[in-house]
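Chain by chain, the residues:
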Amino acid sequence: MRTPMPQDMVPLARITPERRIVSVPPPQKRVLSPRQKAAVIVRYLLTEGTSLPLSSLPEHMQAALAEQMGQMRLIDRATLDDVVAEFLTELETVGLAFPGGIEGALSMMDGHISQSAAQRLRRMSSTSSKIDPWERITALPPDRLLPILVNEAVEVGAVMLSKLPVGKAADLLGKLPGDRARRVAYAVSMTGNVDPETVRRIGAALLAELDNQPPKAFDQGPVERVGAILNVSPTLTRDDVLQGLEAEDAEFAAEVRKAIFTFVHIPSRLAPRDTPKITRLVEQPLLVTALAAATGKPGLEEAAEFILANISQRLAQGLREEMGTRGRVKDKDAEEAMTAIIAAIRTLETSGEITLIQPEEE
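Keep in mind it's a predicted model, so treat the numbers as computed, not measured.

*Asks:* Describe helix α11 (residues 196-211), and please don't skip the residues or the numbers.
*Replies:* It helps to recall that an α-helix has 3.6 residues per turn; residues three or four apart then point in one direction. Its 16 residues give α11 an end-to-end C-alpha distance of 22 Å, which sits within 8% of 22 Å, the value for a rise of 1.5 Å per residue. Those residues of α11 that sit buried are Val199, Gly203, Ala204, Leu206, Leu207, Leu210 and Asp211.

Now the structure itself:
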């Protein structure tokens, strides 16, 4: 027996389209621009307590990011999940990353493009208003910045000192003559009301001046080059050249003498703890020849005893025994052996394994 259907119930097949229940479609996901997605990621990471080095970005990018974050309000959960998933996918698929900015590209290509081409690219980039010139200026070595403090107006020097790291600014200030240093330091007190755009223009002008300097044909100065040549020259040649330099230019000759490092300078310029490193680069027969040739000669003997006193006693004893049986050493062989030791010390210094004591630090 069929149960009668209540009169208020209508079979499903008889429901007219007007009476059918229409499902509500899910909300459409927002389509964000790349800048908006970047703002979402930064906001999300900051919320999670992540420290972001945003200050390393160019200033125009920092300003654009802050402006975009100021324009945004709410982001729904679905959109946030999509943006984060897309960001993670991009990170996982990255195969190669390039340095940001022309300076990073030039640093990577150093030695592969000509110096004139690099300078032309730097001049082109320095004219852009989106580039912060002080990023490059603060990275320059002090010897490139010192002429600015000496030759430019004290107000310009004060702005530059204010933009430099404290340590570098103090180093440059200490290299100025007393009166000039006081004037520049006083001018720093007058920079409190300088607007950022003026500071940027000063930096752009200084950078253009630095980039317009003609390229140098040699990486080292004349003092270093002459000193390096005389280091490996025979003693008679070295002494004769130094005497001639003193007659022509006593000041230049004095600087060259400081740059020269010979066998007799080992006790005063080489740290005792660094002495054992020489034995790794110099073959033992050369060590024996140099030490035996130095015996009984003022200056040279002190250097030989310094080496023997600061290496292992077992090795020193073995060297002394071989020195005793070495016999007379020819001057040419002695020069070659001592030059090999000096070359090894210079190699260690160039690689950064040791640091020679400067004459003024004695």
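Once you've had a look at it, read on.
*Asks:* With reference to specific residues and values, describe a positive patch on the surface.
*Replies:* Residues Lys297, Arg328, Lys330 and Lys332 make up a contiguous surface patch of positive charge. Residue placement: Lys297 occurs in the loop between α17 (284-294) and α18 (300-309). Look at Lys297 and you get partly exposed, because its relative accessible area is 36%.

*Asks:* How would you summarise the layout of surface pockets if you had to cite specific residues and measurements?
*Replies:* Quantified by volume, the second largest pocket comes out at close to 480 Å³. Secondary-structure elements contributing two or more residues to the lining of the second largest pocket are α13 (235-248) and α20 (331-350). Broken down by element, the lining of the second largest pocket gets its largest block of residues, six residues, from α20. Its residues assigned to classes, the lining of the second largest pocket comprises eight nonpolar, six polar and six charged.

*Asks:* Which residues make up a negative patch on the surface, and what are the values?
*Replies:* Together, Glu224, Glu248, Asp249, Glu251 and Glu255 give the surface a local cluster of negative charge. With respect to the helices and strands, the residue Asp249 is situated in the loop between α13 and α14 (250-259). The class of Asp249 is partly exposed, set by a relative accessible area of 38%.

*Asks:* Any details on the nonpolar core? Residues and values, ideally.
*Replies:* Grouped together as the largest cluster of nonpolar side chains are 34 residues, with contacts concentrated most on Phe263, Ile266, Leu270, Ile341 and Ile345. Of all the secondary-structure elements, those providing two or more residues to this core are α17, α18, α19 (313-326) and α20. Beyond its immediate stretch of four places on either side in the chain, Ile345 contacts Phe261, Ile266, Leu270, Ile278, Ile354 and Leu356. In this structure, Val156, Ala181, Val199 and Leu206 belong to the second largest nonpolar core, which totals 23 residues.

The rules behind these values
- Residues numbered from 1 in each chain as written.
- Predicted model: local features only at pLDDT ≥ 70, side-chain atom pairs only at ≥ 80, totals over all residues.
- Heavy atoms only, no water.
- Helix = DSSP H or I, 4+ residues; strand = E, 2+ residues; numbered from the N terminus.
- Expected span 1.5 Å × (residues − 1).
- Buried < 20%, exposed > 50% of the residue type's maximum accessible area, 1.4 Å probe, protein only.
- Patch = residues over 30% accessible without salt bridge, like charges linked within 9 Å, V, L, I, M, F, W, Y side chains within 5 Å.
- Areas by Shrake-Rupley, 256 points an atom, 1.4 Å probe, with all protein chains shown as cover.
- Salt bridge = Lys/Arg side-chain N within 4 Å of Asp/Glu carboxyl O.
- Lys, Arg positive; Asp, Glu negative; His and termini not counted.
- Charge placed at Lys NZ, Arg CZ, Asp CG, Glu CD.
- 1 Å grid on protein atoms, 1.4 Å probe; cavity = no way out; pocket = protein on both sides within 12 Å on 5 of 7 lines; lining within 4 Å.
- Points joined across faces, edges and corners; volume = space filled by probe spheres on them.
- Nonpolar A, V, L, I, M, F, W, Y, C, P; charged D, E, K, R; others polar.
- Core = buried A, V, L, I, M, F, W, Y, C linked by side-chain atoms within 4.5 Å.
- Contact = heavy atoms within 4.5 Å.

Remember that the coordinates give geometry; whether it matters functionally is a separate question.
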